[in-house]
Amino acid sequence: MSQARQLTFSIFRYDPQDPNDKPQMVRYVITETPGMTVFIALNQLRDTQDPSLQFDFVCRAGICGSCAMVINGKPTLACRTLTANLPTAEIRLMPLPGFELIGDLSVNTGKFMRELAERLQLWLQPNDTDMDIHRIEAPMAPEEAAKLYELERCVECGVCVSACATKQMRDTFVGAVGLMKIARFELDSRDSRSSEDFYHVIGNQDGVFGCMTLLGCQDACPKDLPHMQQIAYLRRKMAISVTNL
């Protein structure tokens, strides 16, 4: 039986609320166990070595998106990253770039997603204003429901934002998560907005025409969402819309 590996974690530490604190990388050593994920390792480190270590988690099952961080240079989810699949025992953890830092590996993705939703009006704007609660709900074709469900699988982890070179160069770019959500409402037959309406929101360099198509969002997405397919779809719709303006 082979001896368990000794994992060395080099973790970014910094508390922006402490004026005397400075960013630094702190090393921790832990014994690898079968089935260990980066999430499990971080909890063990916090329980046994450093209770001040800050990182986010909720579900530990790849559903909430809270534990997103940069692991060995790649934005991904800690709860879905098995340490056994990492090529070396040296593991480097950094917070997601592009978000407000709360402390150590914890970033404020919620603030970003809320501001994005308000900016792009990411909610259903129904074409039927009849609010009678006793009325039978209008049916939806299974094909349409399946398309909407596919786009609703986004867990707002922020990985696609951090993996996007355009977003890192231009902070005003809405990113793949914003475009994915716009596509969701553009496809929804219950939404009153037209393609021309969406063009005025994302038909520019901060929107769908600013994407450089480097595939960082799709390559890094832990839910394997079709980012580039939807961006291409929106580009076609916006290009048609501009000819009608």
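Computed from a predicted structure; not experimentally measured.

Another aspect to go through is the pairing of strand β5 (residues 90-94). Only one face of β5 is buried: it carries Ile91 and Leu93, and the other face, with Glu90, Arg92 and Met94, is open. Examined bridge by bridge, strand β3 (residues 68-71) and β5 share two bridges and lie antiparallel to one another. Each bridged residue has a counterpart across the sheet, and for Val70 the counterpart in β5 is Met94.

Direction vectors running N to C along helix α2 (residues 109-120) and helix α6 (residues 175-187) enclose 45°, while the axes themselves pass 11 Å from each other. Taken as axis vectors, α2 and α6 run oblique relative to one another. Viewed along their axes, α2 and α6 form a crossing whose handedness is right-handed. Contacts between α2 and α6 involve Phe112, Met113, Leu116 and Leu120 on the former and, on the latter, Val177, Gly178 and Ile182. Residue composition of the contact of α2 with α6, by class: six nonpolar, one polar and no charged.

A word on the state of the cysteines. Enumeration over the complete set of coordinates arrives at zero disulfides. The structure places no disulfide on Cys160, whose sulfur is separated from the nearest cysteine sulfur, that of Cys154, by 6.3 Å. For Cys160, a relative accessible area of 8% puts it in the buried group. Distance from the sulfur of Cys217, which forms no disulfide, to the nearest cysteine sulfur (Cys211) is 6.1 Å.

On to the layout of surface pockets, then. Put simply, the largest pocket is a space of about 440 Å³. Surrounding the largest pocket, 16 residues form its lining, Asp128, Arg135, Glu137, Ala138 and Arg190 being those nearest its centre. Considered class by class, the residues forming the lining of the largest pocket number seven nonpolar, two polar and seven charged. Empty space within the second largest pocket amounts to approximately 200 Å³. Every residue along the wall of the second largest pocket is listed here: Gly98, Phe99, Glu100, Asn108, Lys111, Phe112, Glu115, Leu116, Arg119, Lys167 and Asp171. Here the residues of the lining of the second largest pocket are counted per class, giving three nonpolar, two polar and six charged.

Cut-offs and rules
- As a convention, each chain's residues are numbered from 1 in the sequence order in which they are written.
- The predicted origin of the model limits local features to residues at a pLDDT of at least 70 and limits the giving and counting of side-chain atom pairs to 80 or more, whereas totals for whole chains, interfaces and linings rest on all residues.
- Hydrogens and water are ignored here; the side-chain numbers use all heavy atoms of the structure.
- When accessible area is computed with a 1.4 Å probe and restricted to protein chains, residues below 20% of their type maximum are described as buried, those above 50% as exposed, and intermediate ones as partly exposed.
- For the purposes of this entry, the term helix denotes a DSSP run of H or I that reaches at least four residues, the term strand denotes a run of E that reaches at least two, and both are numbered from the N terminus.
- Note on pairing: DSSP must find at least two bridges between two strands before they are called paired.
- Axis definition: a line fit to C-alpha positions, over the contact stretch in the case of helices; interaxial angles, taken between N-to-C directions, run 0 to 180 degrees.
- Angles below 35 degrees are treated as roughly parallel, those above 145 as roughly antiparallel, those between 65 and 115 as roughly perpendicular, and all remaining angles as oblique.
- By convention, the crossing between two helices is left-handed when the near helix turns anticlockwise from the far helix through less than a right angle, and right-handed when the turn is clockwise.
- Throughout, a residue-residue contact means that at least one pair of heavy atoms, one from each residue, lies within 4.5 Å.
- Note that Gly is not counted as nonpolar here; it falls among the polar residues with everything else outside the nonpolar set of Ala, Val, Leu, Ile, Met, Phe, Trp, Tyr, Cys and Pro and the charged set of Asp, Glu, Lys and Arg.
- Any two cysteine sulfur atoms lying within 2.5 Å of each other are counted as a disulfide.
- Here a cavity means grid points, on a 1 Å grid over the protein atoms only, where a 1.4 Å probe fits yet cannot get out; a pocket means an open set of points with protein on both sides within 12 Å along at least five of seven lines; lining residues are those with an atom within 4 Å of a point.
- Grid points are joined across faces, edges and corners, and a volume is the space filled by probe spheres set on the points.

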